[in-house]
Amino acid sequence: MKSKISLAVFGVIIIAVIALFVITKSNISNAGSLKYFESAEEIQQFLSQNVDSSYQAFADRISIAQEAGDGAARLQEKTVSYSQTNVQVAGVDEPDIVKTDGVYIYVVSGSNISVIKANPSSSPRLLSVINVNGYVQEIFIRNNVLVIFGQESSGYVPYYGCPECDVSIATSKLSAGAEMAIEPYPYYSPKSFIKLYDLSDYESPQEKESVVYDGSYYNARMIDNYVYVVAQQPIFQQEESVQLPSVKYGNVEEKIAPEDIAYSLLPDAGYQLTTIFALNLDTDELERSTFMTGYTQTLYVSEHNIYIAAPLYISYENYREKFIEEVVIALLDSSTEQYVTDELESKQPFYQKDNNIREYVAGYYNRLSQSQKDDFASNLNQKADVFAEKMQKELQKIRIHKISITGGKPEYVATGDVPGHLLNQFSLDEYKNYLRVATTTQPFFGWSEPVIFSTTEEDVLAESSESFSIPEPRTDLQDETKNNVYVLDDNLNMVGSVENLAPGERIYSARFIEDRLYLVTFFQVDPLFVIDLSKPSDPEVLGELKIPGYSAYLHPYDDNYVIGVGVDTTDKENRVIVEGIKLALFDVSDVSNPQQIAQTSIGQSGSSSEALYNHKAFLFDKNKQLLVIPVTVYENSGINFGKLTFQGSYVFSLSPESGFALKGRVTHLNETEQEALDKSILSDDYYFPPYTTVIQRSFYIDNTLYTISQGTLKAHNIDTLEEQASLQLPYSY
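Rules used in this analysis
- Residues numbered from 1 in each chain as written.
- Predicted model: local features only at pLDDT ≥ 70, side-chain atom pairs only at ≥ 80, totals over all residues.
- Heavy atoms only, no water.
- Helix = DSSP H or I, 4+ residues; strand = E, 2+ residues; numbered from the N terminus.
- Buried < 20%, exposed > 50% of the residue type's maximum accessible area, 1.4 Å probe, protein only.
- Areas by Shrake-Rupley, 256 points an atom, 1.4 Å probe, with all protein chains shown as cover.
- Core = buried A, V, L, I, M, F, W, Y, C linked by side-chain atoms within 4.5 Å.
- Polar contact = N/O pair within 3.5 Å; in protein donor to acceptor, adjacent residues only side chain to side chain.
- Contact = heavy atoms within 4.5 Å.
- Pairing = 2+ DSSP bridges.
- Axes fitted to C-alpha atoms, helices over the stretch in contact; angles between N-to-C directions.
- Expected span 1.5 Å × (residues − 1).
- Arc of directions from axis to C-beta.
- Phe/Tyr/Trp six-rings, centres within 6.5 Å; stacked < 30°, edge-to-face > 60°.
- Lys NZ or Arg CZ within 6 Å of the ring centre and 35° of its normal.
- Parallel < 35°, antiparallel > 145°, perpendicular 65-115°, else oblique.
- Left-handed = near helix turned anticlockwise from the far one by under 90°.
- pLDDT = per-residue confidence, 0-100.
- Salt bridge = Lys/Arg side-chain N within 4 Å of Asp/Glu carboxyl O.
- Nonpolar A, V, L, I, M, F, W, Y, C, P; charged D, E, K, R; others polar.

## With respect to the overall build of the protein chain
Here is step 1: Counting its regular elements, the protein chain contains seven helices and 46 strands.
Here is step 2: When each of the 733 residues of the protein chain is scored for burial, the buried share is 57%.
Here is step 3: Surface accessibility of the protein chain: about 31,100 Å² in total, with carbon and sulfur atoms responsible for 46%.

Listed below in C-alpha cells is the structure:
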C-alpha cells in the first residue's frame, strides 16, 4: 500500500528503520512474494510466532571545473576547481560535517552550522550561523537548499505500550499509605529531524520545511534531486500491544498504519520496519513504501538500488538441536534415539529438554563397555568435526534486502543471504547488475572436546552424567575464520563465489573497482588479494602480496595503482605490535604479481587517524598530486607508552615516480596549546589538547587547502602550506 504526501521545496526520501532486537531460528526457506499486515494485532502475532526466546564503489575524490553553483548568489564569471566529499559510488553523494560548492563552505559545529564565504582565501567571512536547537550530525547542500540531519535536544520520549500511559513513571507519586501499582515499563526513543533551509539569502537562512520522526538518524545518500535518509527505532512491544512510529511533516503527524507494512515470511535474525518516503523534485509528491526487514547493519546505495544488510544468527538453542539431531542421535540405540527425538519435539522449555537429554544419553553411554565407549567417543569426534565444518557457513549470515529506486520510486526487488559478516559499506558493490559481497565467516559457536572419561568398573555401571557430556559451543575459533567473495544476480541469487581465503585471518579492507576486487586480510601479515570478477560465475584470485601491517582503507590512484591507509606492525615473540600509521602505494598493473612500490610511516604505537575508519576524512587528488589525512601522533620519546607529539594533518605529494613526500603539517593548536604540548613532551606530564582543535576534514578550492576542526577553519596555500587565514567557528552543544 502506498500513500502520497506533498512536501514543498526539496526531494527527500526517508528510510525509517525501526529495529526490534530479537533473534529467530535460522530455518532459511523461500517464502515467495511480500504480504501486507492488516492490523496491529496481526503484527503482534507475527512477532510472537517468530521470536526465539533464547536471545533477548569506486569513486575518487574528484576535482571539478564547473560554474560555481546554480543559484543567483553563486553566479561567477570564472570557473573554480574544488574537492567534494570522498564517496564510494560516483554520482551517489554522502552526507558529511563539511560541504562546499566552491564558493561557500558549510561546517557543522555541535548544534550550529556555519555558512562561510570562502573567497578571498586570505579573509574568509562568516555570513551566518544556523542553530537547530538540537545536535547536528551531518548535512547536504544542493543549489540553495541546505539539508540538516540531527536529533532534537528535548531528549528521549517514553513509550509505555498503551495510549493512556503518557506520564513518566519517574515523576509519579504515591499518596500516604497507598499501594504501589504495577505500571508499564517505559521504553525511550529519541526524536530526530531533517530540516531544510533556504539559502537564497546567505546572511539570513530561512527554515523551509522540517520532518520530525521517532528514532535515531543512521545514514543518508543524495542522488540528483533525491535524498535518502535512514533512521532507526525499536518496535515497542508490551503485553498485547505494539507501538508503531510516528513521522511529522510540518504540522501534520501520522503513525505508520499496519496495512502499509509489507513483510515476507522469510525468518530473520531480527525485525525492523523500513519505511521509504520518496519525493519527486519536479512534482513535490512523496511516495511511501514500508517493509518489515532485519535490523540494519550496513547500508549500500548504488545509483539505482538501495541494499540494506542485516546479520542473521543461529541461536544457541537451534545450534544445540542441530548438533543433537545430526551428530548424537546417529550414535544411539533405537530406544535412546526415540527418547531423544520425543524430547526434542516436546513443548518443554529448551533448557529442560536439554538437561533431560544430557542425563539420558549419559546413562546410555555409561552402560557401554570400555571398547564401546572408545568407539562412541571416536565417532562423536569425527562427526563433530564434519558438523563444525558444515555449520561454519550457517552460524552467521548476512541477509540483504534490495529495493529499487529507479525513477525515485522505491520498489522491493529481492532478498538474499550470504555466509559471514560485513566489514563496512565497502564490502558491497553493484556492477553490471551484479552485487558483489566480501565477508568474513567467524562462527559464534563451535564444538569443544567432549568430556568422556571412564576408567573404573563403577563408571561403567553408574548412571550419572559425570563421565559424559554433549559438547558445548566454544568461542575460541579465531584460527577458523575464513574470508569469502560472493556474486549475486539481479534477484540476489548466488551465481559465483571464492571461499576460504586466508584461513585464520579476517577482512580489514575491501575495494571493488569495476571487474576487480582488492581485498586485505590480516592476522600477522597483510595479504593483499587481487580478485578477478569479470566472470560473475567464476571469480578468480589473480595475485597476492604479503607485507607487514595492514591497510584499513583502500583508495584508487588510477587503473594501475591503489593507495592503502593502515597501520605498520612488527612481530615480536609471536605477538603483533602496532607501530604507527602506514601509507602505501601498490602497483597492480600486473595483477598476478602486485607490488608495494612506496610507503611512509607516521608516528609510533598509539598514533591514529580518522581516515582509518572513515573514508570522508581522506583527501586525494591525482592531478594535484595531493594527499591529506588527519593524524594524532604518538612517539616513544624514551618512555614506555609513548607521548602525544602532534595533532593535526599531514600533507603529502604522491606519485608513482616519487612516492610519498611530506610537504608539511597543519595544526589547529593555538600558541598556548602548542607550548603546553611541547612542554609535556620534555617532561613526565601528559597534555591533551581540547577536542575542538582536532582536525577532522580537509578540502581545497582552487589553490587553497582548507582544514576544519570543531572550533576553527584554516586556509593554507596548497603548494607552500603558508597560512593565509584562520577563522574561529561558533561551536556549541
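Having put the structure on the table, let's press on.
## Some words on unusual backbone geometry
Here is step 1: Here the residue pair asparagine 119 and proline 120 is connected by a cis peptide bond, since its omega of -5° sits within 30 degrees of zero.
Here is step 2: Its place among the elements puts proline 120 in the loop between strand S8 (112-117) and strand S9 (125-131).
Here is step 3: Despite not being glycine, glutamate 514 shows a phi value in the positive range, around 55°.
Here is step 4: Inspection of the secondary structure assignment puts glutamate 514 in the loop between strand S31 (506-513) and strand S32 (516-522).

## Quick word on the nonpolar core
Here is step 1: Ranked by size, the top nonpolar core spans 43 residues in total, and within it Phe618, Leu627 and Ile629 carry the most contacts.
Here is step 2: Counting residues in each nonpolar core, the second largest holds 36 residues, with Tyr104, Ile701, Ile708 and Leu727 among its members.

## What about the side chain of serine 121?
Here is step 1: Topologically, serine 121 is positioned in the loop between S8 and S9.
Here is step 2: At a separation of 3.3 Å, a polar atom in the side chain of serine 121 contacts the side chain of threonine 704.
Here is step 3: If we skip the residues at most four places from it in the chain, serine 121 touches Thr704, Tyr706, Ala715, Gln724 and Ala725.

## A look at the sheet that holds strand S28 (residues 434-441)
Here is step 1: Taken in spatial order, the four strands line up as S27-S28-S29-S30 in an open sheet, and their pairing is antiparallel. Every interior strand has two partners, whereas the edge strands, strand S27 (428-431) and strand S30 (494-501), have only one. Between one strand and the next, the sheet's axes are offset by a mean angle of 15°, whatever the strand orientation.
Here is step 2: Relative to S28, S27 is paired through four bridges, and the arrangement is antiparallel. In the strand pairing of S28, glutamate 430 is matched with leucine 435.

## Regarding the side chain of serine 192
Here is step 1: Its place among the elements puts serine 192 in strand S12 (residues 187-198).
Here is step 2: Sequence-distant contacts of serine 192, that is, excluding residues within four places in its chain, are made with Gly150, Gln151, Glu152, Val211, Val212, Tyr213, Gly215, Ser216 and Tyr217.

## A word on the sheet that holds strand S42 (residues 659-666)
Either a parallel or an antiparallel arrangement is found when strands of a sheet pair, and the pairing is made through backbone hydrogen bonds.
Here is step 1: Across the sheet, which stays open at both edges, the four strands sit in the order S39-S40-S41-S42 with antiparallel pairing between neighbours. Each end of this open sheet is capped by a strand with a single partner; those strands are strand S39 (619-621) and S42. Strand-to-strand, the axes of this sheet are offset by a mean angle of 35°, without reference to chain direction.

## A few points about helix H3 (residues 334-345)
Helical geometry note: an α-helix holds 3.6 residues per turn, so side chains three or four residues apart project in the same direction.
Here is step 1: Across its twelve residues, H3 extends 17 Å between first and last C-alpha, which sits within 8% of the 16 Å expected from 1.5 Å per residue.
Here is step 2: Within H3, burial applies to Thr336, Val340, Glu343 and Leu344. When H3 is viewed along its axis, its buried side chains cluster within an angular range of 100° and face the same direction. Turned more than 90 degrees away from the buried face of H3, the exposed residues are Ser334 and Glu345.
Here is step 3: Packing partners of the buried residues in H3 comprise helix H2 (316-328) and helix H4 (350-366).

## Quick notes on the pairing of S30
Here is step 1: For strand S29 (residues 482-488) and S30, the ladder comprises five bridges, and the chain directions are antiparallel. From the neighbouring strand, asparagine 483 faces S30, where its bridge partner is leucine 501.
Here is step 2: Hairpin connection of S29 to S30: five residues between the antiparallel strands, including leucine 492 at a positive phi of 65°.

## Focus on the packing of aromatic side chains
Here is step 1: Under the defined criterion, the tally for this structure stands at 20 aromatic pairs.
Here is step 2: Plain terms: the ring middles of tyrosine 553 and phenylalanine 618 are 5.4 Å apart, the flat faces sit at 65° to each other, and that makes the pair edge-to-face. With tyrosine 553 in strand S35 (residues 550-556) and phenylalanine 618 in the loop between strand S38 (595-602) and S39, the pair connects residues that are 65 residues apart, well separated along the chain. For the pair formed by tyrosine 553 and phenylalanine 618, the shared burial category is buried.
Here is step 3: A connected cluster of aromatic rings, assembled from ring pairs, spans Phe646, Tyr650, Phe652 and Phe660.
Here is step 4: Between the NZ or CZ atom of lysine 624 and the centre of the ring of tyrosine 700, over which it lies, the distance is 4.9 Å.
Here is step 5: It is lysine 643 that lies over the ring of tyrosine 686; its NZ or CZ is 5.0 Å from the centre.

## Structural notes on the packing of H2 against H4
Axis angle and axis distance: for two packed helices, these are the angle between their axes and the distance between the axes, and together they describe the pair.
Here is step 1: Two elements in contact, H2 and H4, have axes separated by 11 Å at closest approach and are oriented at 30°. Between H2 and H4, the angle is such that the two are roughly parallel. The two elements H2 and H4 cross, and the hand of that crossing is left-handed. Facing Tyr316, Glu317, Arg320, Glu321, Ile324 and Val328 of H2, the residues of H4 in contact are Phe350, Lys353, Asp354, Ile357, Arg358 and Val361.

## Re the confidence of the model for the protein chain
Here is step 1: Within the protein chain, residue pLDDT values average 80, and 78% of them lie at 70 or more.
Here is step 2: Low pLDDT, under 50, characterises residues 1-32; the predicted model gives this stretch 155 contacts beyond four residues in sequence or across chains.
Here is step 3: When the criterion is pLDDT under 50, residues 445-467 qualifies, and its contacts beyond four places in sequence or with other chains add up to 60 contacts.

## Re H2
Here is step 1: Within H2, burial applies to Glu317, Asn318, Tyr319, Arg320, Glu321, Phe323, Ile324, Val327 and Val328.
Here is step 2: On the buried face of H2, the contacting elements are H3, H4 and helix H5 (370-391).

## Side note on the pattern of salt bridges
Here is step 1: Under the criterion given, the structure shown has 16 salt bridges.
Here is step 2: Taking the shortest distance from any N to any O, the salt bridge between aspartate 96 and arginine 697 comes out at 2.9 Å. One end of the pair, aspartate 96, is in the loop between strand S5 (79-83) and strand S6 (98-100); the other, arginine 697, is in strand S43 (residues 697-701), with 601 residues separating them in the sequence.
Here is step 3: By relative accessible area, which is 6% here, arginine 697 ends up buried.
Here is step 4: A salt bridge links lysine 402 to aspartate 490, with the nearest nitrogen and oxygen atoms 2.5 Å apart. Taken together, the positions of lysine 402 in strand S25 (residues 396-404) and aspartate 490 in the loop between S29 and S30 put the pair 88 residues apart, joining distant regions of the chain.
Here is step 5: The exposure class of lysine 402 is buried, given its relative accessible area of 1%.

## Describing the environment of glutamate 138
Here is step 1: Summarising the element assignment, glutamate 138 is placed in strand S10 (residues 134-142).
Here is step 2: Linking glutamate 138 and tyrosine 217, residues 79 residues apart in sequence, is a C-alpha distance of 9.5 Å.
Here is step 3: Aside from chain neighbours lying at most four places away, what touches glutamate 138 is Pro95, Asp96, Val147, Ile148, Phe149, Tyr217 and Lys616.
Here is step 4: For glutamate 138, the side chain forms a polar contact with the side chain of tyrosine 217, separated by 2.6 Å.
Here is step 5: There is a polar contact of 3.1 Å between the side chain of glutamate 138 and the side chain of lysine 616.

## Structural notes on the packing of H2 against H5
Here is step 1: At their nearest, the axes of H2 and H5 sit 10 Å apart, and the two run at 135° to each other. Put simply, H2 runs oblique to H5. Between H2 and H5 lies a crossing whose hand is right-handed. Along its contact with H2, which presents Tyr319, Lys322, Phe323, Glu326, Val327 and Val328, the element H5 presents Leu380, Lys383, Ala384, Phe387, Lys390 and Met391.
Here is step 2: Here the contact of H2 with H5 is built from residues that sort into eight nonpolar, no polar and four charged.

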